[in-house]
Amino acid sequence: MDFLRPTTWHEALAAKADRPDAVPLQGGTDVMVELNFDVRRPAALLDLTRVPELRAWEMTGGYCRVGAGVSYATVIDELSGSLPGLAQAARTVGSPQIRNRGSVGGNLGAASPAGDSHPPLLAAGAVVEVESRERGVRMIPAAEFYLGVKRSALEPDELIRAVHVPPATGPQYFSKVGTRNAMVIAVCSFAIALHPRERRVGTGIGSAAPTPRRAREAEDLLARELDWSAPLDPALAHRFGELCARAAAPIDDVRGSAAYRAHALGVLARRTLTWAWNDYRRAA
Ligand SMILES: Cc1cc2nc3c(=O)[nH]c(=O)nc-3n(C[C@H](O)[C@H](O)[C@H](O)COP(=O)(O)OP(=O)(O)OC[C@H]3O[C@@H](n4cnc5c(N)ncnc54)[C@H](O)[C@@H]3O)c2cc1C
């Protein structure tokens, strides 16, 4: 197995262009598990840990541009204020060791329907920045990035450079059901982001469909019927939960039944909307 070690972003793009079969390696918390269990044996690994550009984040163009190699620990320590939904999700990932090594870019690269970054990225309206040597930069909205189970819109010669996330302008929540509190793959998860300036609510569903996805009908319901100057109508919150559950396409597996996942999602959606709404009203 070849081991490629670029030290700049340009070298990394060149390596991926010359060896599209090379598997990128960031924190390795997915890749190394797959190698250890012989799930795959790639001809080459492309180690991105020496590419400093990937480990930084910056505020630019009204977005927080989070480098693909930024770890969950950094998101928690440095971005809880501007990206509270993503930071909440980061706190639920694995253990301290996994949060130190694992990255948001790696979560995107793996594109697992159960990845915890995805729901808050969808709810916030994030955009994934990918790049290839031949075609340059492509900006892919998170809602168009996930194509199937562990399949994304990334082409073989492309790498993820960063994810652009709008800083929160209202309350955000992430909630996850698991069989215990830590080191657990989500049975299902849900993220919500209030966008008060646009009078809009964003959603993200995890682990309850072949891909992470938004609950668009539920978002439309709130765009039509939410009165931003009044307490939350419990009947509206209930219908929101029902539409979120209906937006999912869960399966039965060892972690939970489809029926349980749909039910739990409805509860998570209703609860997170209520928490976010209460925060919003208190601040207003
Ligand atoms: C014990 C344990 C617990 C875990 N708990 C959770 C959890 O609670 N929630 C959760 O969501 N995940 C969890 N995971 C999975 C994993 O930690 C996450 O998916 C993490 O985000 C992966 O990041 P990484 O940097 O380690 O990625 P890596 O393992 O380095 O890479 C993951 C994938 O992304 C690709 N990739 C990496 N960087 C790039 C790039 N720049 N461009 C293109 N492709 C790239 C790789 O080729 C690979 O396919 C857990 C894993 C372990 C081992």
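Anything mentioned here points back to the structure above.
All of the points below concern the structure found in this document.

Reading guide: rules and limits
Residues numbered from 1 in each chain as written. Predicted model: local features only at pLDDT ≥ 70, side-chain atom pairs only at ≥ 80, totals over all residues. Heavy atoms only, no water. Pairing = 2+ DSSP bridges. Helix = DSSP H or I, 4+ residues; strand = E, 2+ residues; numbered from the N terminus. Axes fitted to C-alpha atoms, helices over the stretch in contact; angles between N-to-C directions. 1 Å grid on protein atoms, 1.4 Å probe; cavity = no way out; pocket = protein on both sides within 12 Å on 5 of 7 lines; lining within 4 Å. Points joined across faces, edges and corners; volume = space filled by probe spheres on them. Nonpolar A, V, L, I, M, F, W, Y, C, P; charged D, E, K, R; others polar. Near = heavy atom within 4 Å. Polar contact = N/O pair within 3.5 Å; in protein donor to acceptor, adjacent residues only side chain to side chain. Buried < 20%, exposed > 50% of the residue type's maximum accessible area, 1.4 Å probe, protein only.

To continue, consider the sheet that holds strand β3 (residues 44-47). An order of β1-β3-β2 is seen for the 3 strands of this open sheet, with the pairing classed as parallel. Two strands lie at the open edges of the sheet, namely β1 (2-4) and β2 (23-25), each paired on one side alone. Taking each pair of neighbouring strands and ignoring which way they run, the sheet shows an average axis angle of 25°.

Under the defined criterion, the tally for this structure stands at 1 cavity of 30 Å³ or more. Partitioning the lining of the largest cavity into residue classes produces 5 nonpolar, 2 polar and no charged.

If you check the shell around the ligand, you find 33 residues, and the closest are Pro 24, Thr 29, Asp 30, Tyr 72 and Ser 103. One of the side-chain nitrogen or oxygen atoms of Thr 29 is found 2.6 Å away from an oxygen atom of the ligand. With respect to the ligand, the backbone of Gly 106 contributes an N or O atom lying 3.3 Å from an oxygen atom. Those elements giving two or more residues to the shell around the ligand turn out to be β2, α2 (31-36), α5 (96-101), α6 (104-110) and β10 (159-165).

The bulk of non-glycine residues show a negative phi, and the bulk of peptide bonds are trans. In this structure, Met 183 takes a positive phi of about 50° despite not being glycine. Looking at where Met 183 falls in the secondary structure, it is placed in the loop between β11 (172-177) and β12 (188-195). Under the relative-accessibility criterion, Met 183 is labelled partly exposed at 48%. Despite not being glycine, Ser 207 shows a phi value in the positive range, around 60°. Mapped onto the secondary structure, Ser 207 falls in the loop between β13 (200-206) and α9 (216-225). The buried category is assigned to Ser 207, whose relative accessible area is 10%.

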